[in-house]
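# Inside the fold
Below, each chain spelled out in residue letters.
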Amino acid sequence: VLSLATPAGKVVPVGGSANFSAGVTSVPAGYTFQWQLNGTNIADATTAQWTVNNAQLANAGAYRLAVSNALGQAFFSPVAGLTVGTLGNGTGLTGDYYNYANGTTNFTGTPTLTRVDSTVNFNWGTDVPDASLPTDYFQVRWHGQVLPLYSDTYTFSTTTDDGARLWVNGKLLVNRWQNQGATTVSGTIDLIGGQKYDIVMEYYENTSTASAQLSWSSIHQAPEIIPASQLYPDATAFQPKLLAAKA
């Protein structure tokens, strides 16, 4: 059985180079390798390693290795992202936590806890985000700004147990305000690279396990949890610019 290493994601400036490796020095007998960018074969990229030289915007995206054996069986390595550009200097989003259940008074009053979360990537299970909150029946509103690297149509995705809503630049992209197991819901929006946009994610936990993730992708942005470098917390208390969708 062929065992391959997971290619590591890379961040390089324009004009830089990035090397992707499957953890072997050559293609084993009986196998063929083919590197892909965003699911499309890269010409002549059939070796165990692939190097992108003089990286440009067109080289940014999701890389993976397609492997076939003598029996015609095929499988793929996990995706490794190539970011071409300069990352931001963000630190995360402001998280306002409330110790009450979904209902008619959502996100009113003073939060039980306010902190900066570097990412929205939590799998609390049956634990709690903080000792000041209950195991079940709590809510979180993350807010601040997001800084895209590229001028693309972005897909923003929430994966939550239970409900979630998401606005980017005032546009409601996700409205899944209901009890559910971990479910991914997505929406798209056109953004300009290097420009910050307001972002608000609302979440509630009903009972049992709790989790919340916020990710993005585009033709140049490999799918990933939005990193802290591209998220900026609000310096002041949340000021709603629109009416939240009703529960």
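Residues numbered from 1 in each chain as written. Predicted model: local features only at pLDDT ≥ 70, side-chain atom pairs only at ≥ 80, totals over all residues. Heavy atoms only, no water.

## A look at the pattern of salt bridges
- Taken as a whole, this structure holds three salt bridges when the rule is applied.
- Arg 115 is the salt-bridge partner of Asp 117, the closest N and O atoms lying 2.7 Å from each other.
- Among the residues examined, Asp 117 registers a relative accessible area of 6% and is labelled buried.
- A salt bridge links Arg 141 to Glu 202; the nearest nitrogen and oxygen atoms lie 2.9 Å apart. On the criterion of sequence distance, the pair formed by Arg 141 in strand S12 (residues 138-146) and Glu 202 in strand S17 (residues 197-205) is long-range, its members being 61 residues apart. Here Arg 141 matches Glu 202 in class, with each residue buried.
- One network of salt bridges, with partners in common, ties together Arg 141, Arg 165 and Glu 202. (Salt bridge = Lys/Arg side-chain N within 4 Å of Asp/Glu carboxyl O. Buried < 20%, exposed > 50% of the residue type's maximum accessible area, 1.4 Å probe, protein only. Helix = DSSP H or I, 4+ residues; strand = E, 2+ residues; numbered from the N terminus.)

## Re the environment of Gly 163
- Topologically, Gly 163 is positioned in the loop between strand S13 (152-161) and strand S14 (164-168).
- For Gly 163, a relative accessible area of 0% gives the class buried.
- Taking the C-alpha atoms as reference points, Gly 163 and Thr 153, separated by 10 residues in sequence, lie 25 Å from one another.
- Residues in contact with Gly 163, not counting those within four places in the same chain, are Arg 176, Trp 177, Gln 178, Gln 180, Glu 202, Tyr 203 and Tyr 204. (Contact = heavy atoms within 4.5 Å.)

## What to know about the confidence of the model for the chain
- For the chain, the average pLDDT comes to 93, and 96% of its residues sit at 70 or higher.
- Contacts from residues 242-247, a stretch scored under 50 in pLDDT, to residues over four places away or in other chains number 14 contacts. (pLDDT = per-residue confidence, 0-100.)

## Here we look at unusual backbone geometry
- Note the cis peptide between Asp 161 and Asp 162, where omega equals 25°.
- Positionally, Asp 162 belongs in the loop between S13 and S14.
- With a phi angle near 55°, Phe 107 is a residue other than glycine that sits in the positive phi range.
- Along the chain, Phe 107 falls in the loop between strand S9 (93-98) and strand S10 (113-117).

## A closer look at the packing of aromatic side chains
- Within this structure, the stated rule accounts for 16 aromatic pairs.
- Here Phe 122 and Trp 142 contribute two aromatic rings whose centre-to-centre distance is 6.1 Å and whose plane-to-plane angle is 10°, an arrangement assigned as stacked. Note that Phe 122 is positioned in strand S11 (residues 121-125) and Trp 142 in strand S12, a separation of 20 residues in sequence. Both residues of the pair, Phe 122 and Trp 142, belong to the buried class.
- The interplanar angle of 80° and the centroid separation of 5.7 Å between the aromatic rings of Trp 124 and Phe 138 together place this pair among those described as edge-to-face. (Phe/Tyr/Trp six-rings, centres within 6.5 Å; stacked < 30°, edge-to-face > 60°.)

## Concerning the layout of surface pockets
- Size it by volume and the second largest pocket reaches roughly 180 Å³.
- Taken together, 17 residues make up the lining of the second largest pocket; nearest its centre are Lys 10, Val 11, Thr 83, Gln 221 and Glu 224.
- At the level of secondary structure, the elements contributing two or more residues to the lining of the second largest pocket comprise strand S1 (10-12) and strand S8 (80-84).
- Looking at the lining of the second largest pocket residue by residue, the class counts come to eight nonpolar, seven polar and two charged. (1 Å grid on protein atoms, 1.4 Å probe; cavity = no way out; pocket = protein on both sides within 12 Å on 5 of 7 lines; lining within 4 Å. Points joined across faces, edges and corners; volume = space filled by probe spheres on them. Nonpolar A, V, L, I, M, F, W, Y, C, P; charged D, E, K, R; others polar.)

## Topic: the pairing of S12
- For S12, the buried fraction is high: eight of the nine residues fall into the buried class.
- As paired strands, S9 and S12 are joined by five bridges and run antiparallel to one another. When the sheet's bridge partners are listed, Tyr 97 is paired in S12 with Val 140.
- Relative to S17, S12 is paired through nine bridges, and the arrangement is antiparallel. Its bridge partner lying in S17, His 143 is registered against Val 200.
- As judged from the three bridges shared by S12 and strand S20 (residues 231-233), these two strands associate in the antiparallel manner. Pairing of Gly 144 across the sheet is with Pro 233, part of S20. (Pairing = 2+ DSSP bridges.)

## Regarding the environment of Gly 61
- Note on placement: Gly 61 falls in strand S6 (residues 61-69).
- Sequence-wise, Gly 61 and Thr 83 are 22 residues apart; in three dimensions their C-alpha atoms are separated by 6.8 Å.
- Excluding its chain neighbours within four sequence positions, the residues that come into contact with Gly 61 are Leu 37, Asn 38, Ala 80, Gly 81, Leu 82, Ile 219, His 220 and Ala 222.

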